[in-house]
Amino acid sequence: MKYLYLYLDLFTLAGPMLLSFDKKVAFYKKWKALFPAIFIMSAIFIAWDVYFTHLGIWGFNPKYLSGIYILNLPVEECLFFIVVPYACMFIYECLNAYIRIDLFKQSYLIIYTILAFILILIAVMFYHQLYTSITFAGCGILIIFMVVYFKSPYLSRFLLAYIVCLLPFLLINGILTGSMIDEQVVWYNSYHIFNLRIFTIPIEDTIYNLFMLLTTLTGYEYFKCRFNIACAI
């Protein structure tokens, strides 16, 4: 189906955008902090995406695309770095507004520390698999900085948001990687991945998503404080 990737982008954005004007969450009032954070994150991750596409570590099936490209990336892929963090930061703020109990307050440091150790260990063990090693190492190092150096107080609240975000992620990314359709929208070079999948989704995608969202969250909370928008720092 032509435009499938674009439809998935729009579907991902539609609900959060329409509900951004909910009075209790009032997510639209935080756009001033959100969009600079998304811009910084997307500049980093799009550059990474362009390079990995050039190396043939992953690529895109033109059968499901609009045919419009930016920096040799499908425009749908560039939109991905806007709509996904927007939707996930919206979920993060909704959970903060409607669930007052911090469910991971007592355990989040242990969880993040163990996760960072495992990610870096796997990155070292599979250093020759570029998607695995770079994604796992980058995410692990970022977690260490956020936990040890920055002592980011919002990490416990984000953990719940990430778990909730995994549900739509598995649906959307599952379709992109070939679930429920004839071919993959996004394909991966098997030499550069761990070849462990959740349904059709490479396990690396879950960590890539975590890496992307943590990067966005760091900028988002920073700009919220800078603009005096109920920051968590």
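What counts and how
Residues numbered from 1 in each chain as written. Predicted model: local features only at pLDDT ≥ 70, side-chain atom pairs only at ≥ 80, totals over all residues. Heavy atoms only, no water. Phe/Tyr/Trp six-rings, centres within 6.5 Å; stacked < 30°, edge-to-face > 60°. Helix = DSSP H or I, 4+ residues; strand = E, 2+ residues; numbered from the N terminus. Buried < 20%, exposed > 50% of the residue type's maximum accessible area, 1.4 Å probe, protein only. Lys NZ or Arg CZ within 6 Å of the ring centre and 35° of its normal. Salt bridge = Lys/Arg side-chain N within 4 Å of Asp/Glu carboxyl O. Patch = residues over 30% accessible without salt bridge, like charges linked within 9 Å, V, L, I, M, F, W, Y side chains within 5 Å. Areas by Shrake-Rupley, 256 points an atom, 1.4 Å probe, with all protein chains shown as cover. Core = buried A, V, L, I, M, F, W, Y, C linked by side-chain atoms within 4.5 Å. Contact = heavy atoms within 4.5 Å.

What to know about the packing of aromatic side chains
Summed over all chains, the structure comprises 28 aromatic pairs. Aromatic side chains Tyr108 and Tyr112 sit 6.3 Å apart centroid to centroid with 80° between the ring planes, which places their arrangement in the edge-to-face category. Here Tyr112 and Tyr108 lie together in helix H4 (residues 108-125), a separation of 4 residues that amounts to about one turn. Of the two residues, Tyr108 and Tyr112, both sit in the buried class. Ring geometry for Tyr222 versus Phe223: centroids 5.1 Å apart, planes at 70°, classification edge-to-face. Directly above the aromatic system of Tyr3 lies the positively charged group of Lys2, at a separation of 5.5 Å from the ring centroid.

With respect to the pattern of salt bridges
What the rule picks out here adds up to 3 salt bridges. We note a salt bridge from Lys63 to Glu183, for which the minimum N-O separation is 3.3 Å. Residue Lys63 is located in the loop between strand E1 (58-60) and strand E2 (69-70), and its partner Glu183 is located in the loop between helix H6 (155-176) and strand E4 (186-188); the two are separated by 120 residues in the primary sequence. A residue is classified by how much of its surface remains accessible, and Lys63, at 36% relative accessible area, is partly exposed. Because the salt bridges share partners, they merge into one network encompassing Glu93, Glu221 and Lys224.

Quick look at a nonpolar patch on the surface
Taken together, the side chains of Ile110, Ile114, Phe117, Ile118, Leu121 and Met125 make up a nonpolar region of the molecular surface, amounting to roughly 610 Å² of accessible area. Assignment of secondary structure puts Phe117 in helix H4. Among the residues examined, Phe117 registers a relative accessible area of 57% and is labelled exposed.

Notes on the nonpolar core
The biggest cluster of nonpolar side chains holds 74 residues, and the ones touching the most others in it are Trp58, Ile143, Phe158 and Leu214. Examining the composition of this core, we find that 14 residues originate from one element, helix H3 (residues 75-98), more than from any other. Ignoring sequence-local partners within four residues, the contact set of Phe158 consists of Met89, Tyr92, Tyr112, Leu210, Leu213, Leu214 and Leu217.

Everything listed here is a matter of geometry and, on its own, says nothing about what the molecule does.
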